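One letter stands for each residue in the lines below.
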Amino acid sequence: MTTGRTGPQVTSSPGGPLATHAGPYFGDFGGRFVPEALIAALDELDTEFHKAAADPTFAAELARLHRTYTGRPSPLTEVKRFAEHVAPGVRVFLKREDLNHTGSHKINNVLGQALLVKRMGKTRVIAETGAGQHGVATATAAALLDLECVVYMGEEDTQRQALNVARMRLLGATVVPVTIGSRTLKDAINEALRDWVANVDTTHYLLGTVTGPHPFPEMVRDFHKIIGEEAKAQLAEETGALPDAVVACVGGGSNAMGIFNAFLDDPSVRLFGFEAGGEGIASGRHASRFSGGTPGVLQGTKSYLLQDEDGQTLPSHSVSAGLDYPSVGPEHAWLHDIGRAEYRPVTDAEAMEAFRVLCQTEGIIPAIESAHALAGAIQLGREVATWDTPDGREPVILVNLSGRGDKDVATAAAWFDLIEDKPVVQADEGEQL
Amino acid sequence: MSDTRTASRTGAALDRLKGEGRAALVGYLPLGFPDVAGSVRAAVAMVEAGVDVIELGLPYSDPVMDGPVIQHAVDVALAGGTRVRDAFGAVEQIAATGAPVLVMTYWNPVLRYGVDAFARDLAAAGGAGLITPDLIPDEGQDWLDASAAHDLDRVFLVAPSSTPERLAMTAAASRGFVYAASTMGVTGERTTVGARAEQLVADTRAAGAEHVCVGLGVSKPEQARDIGRYADGVIVGSAFVRALAGAETTAAGLDAVSAVAAGLAEGIRTAR
């Protein structure tokens, strides 16, 4: 259906509400930069997705699963003690995606795609994973819906996240450590793409974020937009108004698109995405595509990218495996370029400080990914006095708490030097679950 | 205008070989493996031993269409400091043999260099054109324009999964030949070549392609002979790379790729 959309269309996306913007292009970004062998499968997926989106029985089945299995709607929690660390008089609300089954927002997209897989009659799903959250969610949906599941994971990540490897295997998935390249998320995606080319007749690539070739960015956004829709209604009940700012961390960008989407067409709502600043932009060890990257093509889509002057992908760095990716979803690149959302870096140290603050003020252990959003809220606290709020009421910041931190206990224990002996930290990893 | 070419250099070579009653042998090597000079010498040796068209791979950090043998070679090339700009000097030296030289590249390095600038410098170096494994014509308007402006060949891929509409669209957008992927998968040696390859060649011709060459998984003289019966060219990559990788010395590497080339060329000569 996208055949023949060449040239001029790449740079001229149609108008209309931002929240319903369809692929394959988001301004100058997006597209399908993949081998021809995959085009038929992408066309099939695009067709099936749009058929399902128009089919009330599909929506009903997904809603039933979300209600009875995921645990939706996820709560909205006002965090007053944490807000004192943001700025005086600011109200901060967390959208609690950390309380979903499997521990993060990832399940929203996974269940949606897995139901599509059943509709397409495919029997096998493959997925990439970095920290393991998307792999665990995919293995979970595969167990539930009786699908064969293979998860590709960089060898370095399988060692850093050994427990998530065990979780996936408990759920019946095959975990394949990827030993080529940098042995991290990017290489896991390459290997999943190679598997998909070879097995596309029976296999669906259950991509975990709003990147990759069309229709993934649009489809994954639509499976996650429930986050913002719920939060908008919940917040209206609490405050009677829209938030002044919506804040999320951005790796590939799925949790951020999920919470941004419902607010894209509300111009009074400021949207902030926080990327992994790692050890600082100047250090070169970061995953800040908007501060340190340039437009380019990687893994099927055109977006902002960490690359050298030859177009070779540069390694990214973050304390958070889930944000450690050299590119970002094309819709974020577009929202950045048109000025609808603002993207800023948060360093490892800032994220870990926010992680500590939330633990100790609210009794919530966030994923380190989500701690980047919390650190972003603290950054915004320094400028919130300059915001005009209607009737002079207190500014309201909505933060997407995209995941919980059980998986990060060992990393945090090492960061804060909570356990004297390193071997003991490793031995204690078994207690994370 | 000094450049008076009006037709595909690769297409002309395929036509000439067809007149001789055989398919072309297209040989792939990645630039910079084992180093830039070594890859040029190996490509020249391949031409001298019977390769008709050289496919020079530009090393890229994320080669999603390549299997382990080529992934490893490309890693070595990048670790050794191979740069995109090294391609133009290499093309010039290999093209001096008279064989058409196509650069096989993933799209981002070209995008980063500048599509028109890349086309201009490739044409100036005497290159014949590009093979673009992750660029479909739908996304390639800049390259369609630049290749037309600089008179270069555009080799797009078709696969067993391509619909008739896409075969026609891709055939119309290609110049030189259409690269038919023999099988659904990545590069690498296979004991059998997909049975769908012959049908795909016939379908691609029926969709309007003048020349169709077959690649992916082809490594043995018998496979080359089988494909040489029905295709305009036989594309071999991993077998050359493996021969080069397995050699202890530069001289042994050149001997090894020459032996592979000679065997494949003999296979093709006995096809028809």
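Rules of the game
- Residues numbered from 1 in each chain as written.
- Chains lettered and ligands numbered in written order.
- Predicted model: local features only at pLDDT ≥ 70, side-chain atom pairs only at ≥ 80, totals over all residues.
- Heavy atoms only, no water.
- UniProt positions renumbered as here; feature names shortened; annotations may be inferred.
- Helix = DSSP H or I, 4+ residues; strand = E, 2+ residues; numbered from the N terminus.
- Buried < 20%, exposed > 50% of the residue type's maximum accessible area, 1.4 Å probe, protein only.
- Right-handed = clockwise from strand over helix to strand, strands pointing away.
- Pairing = 2+ DSSP bridges.
- Salt bridge = Lys/Arg side-chain N within 4 Å of Asp/Glu carboxyl O.
- pLDDT = per-residue confidence, 0-100.
- Core = buried A, V, L, I, M, F, W, Y, C linked by side-chain atoms within 4.5 Å.
- Domains from an automatic or database assignment.
- Axes fitted to C-alpha atoms, helices over the stretch in contact; angles between N-to-C directions.
- Parallel < 35°, antiparallel > 145°, perpendicular 65-115°, else oblique.
- Left-handed = near helix turned anticlockwise from the far one by under 90°.
- Contact = heavy atoms within 4.5 Å.
- Nonpolar A, V, L, I, M, F, W, Y, C, P; charged D, E, K, R; others polar.
- Phe/Tyr/Trp six-rings, centres within 6.5 Å; stacked < 30°, edge-to-face > 60°.

- Labelled according to an unreviewed UniProt entry, chain B appears under the name Tryptophan synthase alpha chain, originating from Cellulomonas pakistanensis.
- Under Subunit (unreviewed entry), UniProt gives the following word-for-word description of chain B: "Tetramer of two alpha and two beta chains."
- As its UniProt record puts it under Sequence similarities (unreviewed entry), chain B is described as follows: "Belongs to the TrpA family."

- With an unreviewed UniProt entry as reference, chain A is termed Tryptophan synthase beta chain, source organism Cellulomonas pakistanensis.
- Here chain A is described in UniProt, under the heading Sequence similarities (unreviewed entry), as follows: "Belongs to the TrpB family."
- Recorded under Cofactor (unreviewed entry), the UniProt text for chain A is reproduced unchanged: "pyridoxal 5'-phosphate".

### Some details on the UniProt feature "domain: Tryptophan synthase beta chain-like PALP" (unreviewed entry) in chain A
Here is step 1: Here, the residues flagged by UniProt with the feature "domain: Tryptophan synthase beta chain-like PALP" (unreviewed entry) are residues 70–383 of chain A.
Here is step 2: From the first C-alpha to the last, residues 70–383 of chain A spans 36 Å; its make-up is 43% helix and 20% strand.

### A few points about the pairing of strand β7 (residues 178–181) of chain B
All names here are of chain B.
Here is step 1: On β7, burial covers both faces: V178 and A180 on one face and Y179 and A181 on the other are all buried.
Here is step 2: With helix α8 (residues 164–173) bridging strand β6 (residues 157–158) and the parallel β7, this β-α-β connection has right-handed handedness.
Here is step 3: Note: β7 against strand β8 (residues 212–215), four bridges, orientation parallel. Bridge pairing links Y179 to C213 in β8.
Here is step 4: Note that the unit made of β7, helix α9 (residues 196–206) and β8 has a crossover that is right-handed.

### Observations regarding the pattern of salt bridges
Pairing between side chains becomes possible if they bear opposite charge and their charged atoms approach one another.
Here is step 1: The tally for this structure, following the rule as stated, stands at 43 salt bridges over all chains.
Here is step 2: One salt bridge in this structure joins R175 of chain B and D153 of chain B, with 2.8 Å as the shortest N-O distance. Here R175 of chain B, found in the loop between α8 and β7, pairs with D153 of chain B, found in strand β5 (residues 153–155); they are 22 residues apart in sequence, far enough to count as distant. The residues R175 of chain B and D153 of chain B share a single accessibility class, namely buried.
Here is step 3: One salt-bridge network, in which partners are shared between bridges, spans E48, K51, D55 and R119 of chain A.

### A short note on the confidence of the model for chain B
Detailed reading of the predicted model is not advised wherever pLDDT is low.
Here is step 1: When pLDDT is averaged along chain B, the result is 95; 98% of the residues meet or exceed 70.
Here is step 2: Scored as a whole, the predicted complex attains pTM 0.94, and scored at its interfaces, ipTM 0.96.

### Regarding the UniProt feature "modified residue: N6-(pyridoxal phosphate)lysine" (unreviewed entry) in chain A
Here is step 1: UniProt's entry tags K106 of chain A with the feature "modified residue: N6-(pyridoxal phosphate)lysine" (unreviewed entry), counted in the numbering of this structure.
Here is step 2: In this structure K106 of chain A comes out as buried when scored by relative accessible area, which is 16%.

### Some remarks on the nonpolar core
Here is step 1: Among the nonpolar cores identified, the biggest contains 188 residues, and W196 and F260 of chain A together with I54, F118, W143, F177 and F240 of chain B are the most heavily contacted of them.
Here is step 2: The element that contributes the greatest number of residues to this core is helix α5 (residues 106–120) of chain A, accounting for eight residues.
Here is step 3: Both domain 1 (26–67 + 105–220) and domain 2 (74–103 + 225–420) of chain A contribute no fewer than three residues apiece to this core.
Here is step 4: Core analysis: the second largest hydrophobic core is formed by 39 residues, V79, A87, V90 and L94 of chain A among them.

### Quick word on the packing of helix α3 (residues 56–70) of chain A against α5 of chain A
Residues and elements named next belong to chain A.
Here is step 1: Close contact between α3 and α5 brings their axes to 11 Å; oriented N to C, the two are set at 135 degrees. Considering the angle they form, α3 stands oblique to α5. At the point where α3 passes α5, the crossing takes the right-handed sense. Where α3 approaches α5, its residues F58, E61, L62, L65, H66, Y69 and T70 are matched on the opposing element by I107, N108, L111, G112, L115, L116 and R119.
Here is step 2: In the contact of α3 with α5, the residues fall into eight nonpolar, four polar and two charged.

### Comments concerning the pairing of strand β2 (residues 53–57) of chain B
Remember that side chains alternate between the two faces of the sheet whenever the strand is regular.
Residues and elements named next belong to chain B.
Here is step 1: Taken across its five residues, β2 has five buried, putting it largely inside the fold.
Here is step 2: Here β2 shows two buried faces, one formed by V53, E55 and G57 and the other by I54 and L56.
Here is step 3: Relative to β2, strand β1 (residues 24–30) runs parallel, the two being bridged by five bridges. Opposite V26, over in β2, you have V53 as the bridge partner.

### A look at the packing of aromatic side chains
Here is step 1: Inspection of every chain in the model, using the stated rule, returns 17 aromatic pairs over all chains.
Here is step 2: A ring pair is formed by F29 of chain A and Y304 of chain A, whose centres lie 5.6 Å apart and whose planes are at 35 degrees; its orientation type is tilted. Of the two residues, F29 of chain A is situated in strand β2 (residues 29–33) and Y304 of chain A in strand β12 (residues 300–305); the sequence distance between them amounts to 275 residues. Neither F29 of chain A nor Y304 of chain A differs from the other in exposure class; each is buried.
Here is step 3: With a centroid separation of 6.5 Å and an interplanar angle of 55 degrees, the aromatic rings of W107 of chain B and W143 of chain B are classed as tilted. Separated by 36 residues along the polypeptide, W107 of chain B in helix α5 (residues 107–113) and W143 of chain B in helix α7 (residues 141–149) bring together distant segments of the chain. For the pair shown, W107 of chain B and W143 of chain B are each scored as buried.

### So, the UniProt feature "active site" (unreviewed entry) in chain B
Here is step 1: The UniProt feature table records "active site" (unreviewed entry) at E55 and D66 of chain B.
Here is step 2: Structurally, the position occupied by E55 of chain B is in strand β2.
Here is step 3: Judged by relative accessible area, which is 4%, E55 of chain B ranks as buried.
Here is step 4: Non-local contacts of E55 of chain B, meaning those with residues more than four positions away in its chain, are made with V26, G27, Y28, L29, L102, M104, I131, Y179 and I235 of chain B.
Here is step 5: Looking at where D66 of chain B falls in the secondary structure, it is placed in the loop between β2 and α3 (68–79).
Here is step 6: When near neighbours in sequence (up to four residues on either side) are disregarded, D66 of chain B contacts R194 of chain A together with Q71, Y106, V186 and T187 of chain B.

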